[in-house]
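For reference, the chains in residue letters:
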Amino acid sequence: MKKILMIGTGGTIASQVTENGLAPELTSTQLLAHIPAISGICEVESLQLLNLDSTNIAPNHWLEMVGCIREHYEDYDGFVLTHGTDTMAYSAAALSYLIQKSPKPIVFTGAQKPIGFDVTDSKINLTDAFRTAASGLPGVSLVFNGKVILGTRAQKIRSKSFEAFSSINYPFLGVLRDGVLLRYLHESCEGGPVFYDRLDTKVGLLKLIPGTEQALLDYLLERCDALMIESFGVGGLPDYEGSDFCGSLCRWTERGKLVVLTTQVQNEGSDLGIYHVGHRLKGVPGVLEAFDMTTEAVTAKLMWILGQTKDPAEIQRLFYTPVAHDILWPAEC
Ligand code: ASP
């Protein structure tokens, strides 16, 4: 029987009702007590790494998760991390870059309703996560509402109901039906695992709205090493009267800042070359585009890359090099 380590980090799944709203209080041992039948699927040991609402999960916590998995990697066949849903997609993306080509499963799960509620998705999600970890599915994934989603492709799409996550621009790795994992895709993990332990967290995001002031761009670029701009549609920058977004952006990139154009549209990604508002940015040194990567994945990828190198050519090479199937677009760079 496979031996799985459960790592508790908090979230709704572990929350209790308090005077001030739901707060994560249950330990991983208490969570496991709600699913006794798990002993028929795998042998489980558990530890409590954090107990946070995932709103409070920051990049230093991703490094703690990686450190914990690295420390126990040889002793277990797989790992299940229970985590709040709000930033689970960011954590799953982050671990996809920080632990690459893992032959052992690293499975995130959580719930929209606490495990102690009469109506809850906690028990099925947790059981499905163990089933997935025990199946040997390699790499980082997120299991939720019967779907197995690649760690670099998950996005939270619903704030309340059980179908909380979608797989963006990539098919599900599999589904869980009546307690059986049906695997659609098979990951390759040759040469792994490769662990990383450095991140550059000076990464920011500017979501454009009609009329965004250029001063906001300058404010963020002054403070960040890399800035993602969530633009409209396939991507571009505005030309409002009296503004010079492109000129400003080029001045910042000449000084070593990195800019990634992405889209606020959920599906199908960016393609800067299509309209003149984006075309003029193509090929500008220091300006990259996300193509079909999610904002969550780009956030984590930039932090990971800038933690390894500050060399512009190497940054560009790493950015467009697929990691855990995060980018499929044929990058013409
Ligand atoms: N606020 C919670 C969290 O992300 C929501 C959840 O877990 O569903 O920790």
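Conventions and cut-offs
Residues numbered from 1 in each chain as written. Predicted model: local features only at pLDDT ≥ 70, side-chain atom pairs only at ≥ 80, totals over all residues. Heavy atoms only, no water. Helix = DSSP H or I, 4+ residues; strand = E, 2+ residues; numbered from the N terminus. Rg over C-alpha atoms; globule rule 2.2 N^0.38 Å. Buried < 20%, exposed > 50% of the residue type's maximum accessible area, 1.4 Å probe, protein only. Contact = heavy atoms within 4.5 Å. Areas by Shrake-Rupley, 256 points an atom, 1.4 Å probe, with all protein chains shown as cover. Lys, Arg positive; Asp, Glu negative; His and termini not counted. Charge placed at Lys NZ, Arg CZ, Asp CG, Glu CD. Near = heavy atom within 4 Å. Polar contact = N/O pair within 3.5 Å; in protein donor to acceptor, adjacent residues only side chain to side chain. Phe/Tyr/Trp six-rings, centres within 6.5 Å; stacked < 30°, edge-to-face > 60°. Pairing = 2+ DSSP bridges. Axes fitted to C-alpha atoms, helices over the stretch in contact; angles between N-to-C directions.

## Looking at the overall build of the chain
- Each helix and strand counted, the chain has 9 helices and 18 strands in total.
- Taken against the 2.2 N^0.38 rule, which gives 20 Å for 333 residues, the C-alpha radius of gyration of the chain at 20 Å falls within 12% of a compact globule.
- Its C-alpha atoms give the chain principal-axis dimensions of roughly 65 × 50 × 30 Å.
- For the chain, with 333 residues in total, the buried portion stands at 54%.
- Nonlocal contacts in the chain, meaning residues at least 24 apart in sequence, comprise 70% of its contacts between residues at least 6 apart.
- Summed over its atoms, the accessible surface of the chain is roughly 14200 Å², and 52% of this surface lies on carbon and sulfur atoms.
- Across the chain, the centroid of the 27 positively charged side chains sits 2 Å from that of the 38 negatively charged ones.

## Details of the site of the ligand
- Around the ligand sit Gly11, Thr12, Asp53, Ser54, Gly84, Thr85, Asp86, Ala111 and Gln112, and those are all the residues in its vicinity.
- The separation between an oxygen atom of the ligand and a polar side-chain atom of threonine 85 is 2.5 Å.
- Separating an oxygen atom of the ligand from a backbone N or O atom of alanine 111 is a distance of 3.0 Å.
- For the ligand, whose free accessible area comes to 270 Å², the fraction covered by protein is 90%.

## Side note on the packing of aromatic side chains
- With the rule as written, the count across this model stands at 9 aromatic pairs.
- With a centroid separation of 5.0 Å and 65° between ring planes, the pair formed by phenylalanine 144 and phenylalanine 165 is classed as edge-to-face. Residue phenylalanine 144 is located in strand 8 (residues 139-144), and its partner phenylalanine 165 is located in strand 11 (residues 165-167); the two are separated by 21 residues in the primary sequence.
- Relative to tyrosine 320, the ring of phenylalanine 319 lies with its centre 5.4 Å away and its plane at 75°, an arrangement referred to as edge-to-face.

## What about the sheet that holds strand 13 (residues 180-183)?
- With respect to topology, 8 strands assemble into an open sheet ordered 4-1-5-7-8-9-12-13, the strand pairing being mixed. If you trace the sheet from one side to the other, it starts and ends with strand 4 (43-52) and strand 13, each paired once. With direction set aside, neighbouring strand axes in the sheet form an average angle of 25°.
- Pairing of strand 9 (residues 147-150) with strand 12 (residues 174-177) involves 2 bridges; the strand directions are antiparallel. Residue pairing in the sheet places valine 148 in a bridge with glycine 174 of strand 12.
- Packed on one face of the sheet, helix 2 (residues 59-72) meets strand 1 (3-10), strand 4, strand 5 (78-82) and strand 7 (105-109) and runs near 160° to strand 4.

## Concerning the pairing of strand 9
- Residues Lys147 and Ile149 of strand 9 are buried on one face, and the alternating residues Val148 and Leu150, pointing to the opposite face, are buried as well.
- Bridge analysis of strand 8 against strand 9 gives 4 bridges, and the strand direction is antiparallel. Bridging across to strand 9, valine 143 finds its partner in valine 148.

## Quick word on the environment of histidine 279
- Of note, histidine 279 is situated in helix 7 (residues 276-279).
- The class for histidine 279 is partly exposed, based on a relative accessible area of 47%.
- C-alpha separation for the pair histidine 279 and serine 91, spaced 188 residues apart in sequence, amounts to 33 Å.
- Dropping the residues within four chain positions of it, histidine 279 is found in contact with Leu272 and Gly273.

## Quick look at the pairing of strand 2 (residues 15-18)
- In terms of strand pairing, strand 2 meets strand 3 (residues 21-24) through 4 bridges, oriented antiparallel. Looking at strand 3, one finds that threonine 18 is bridged to glycine 21.

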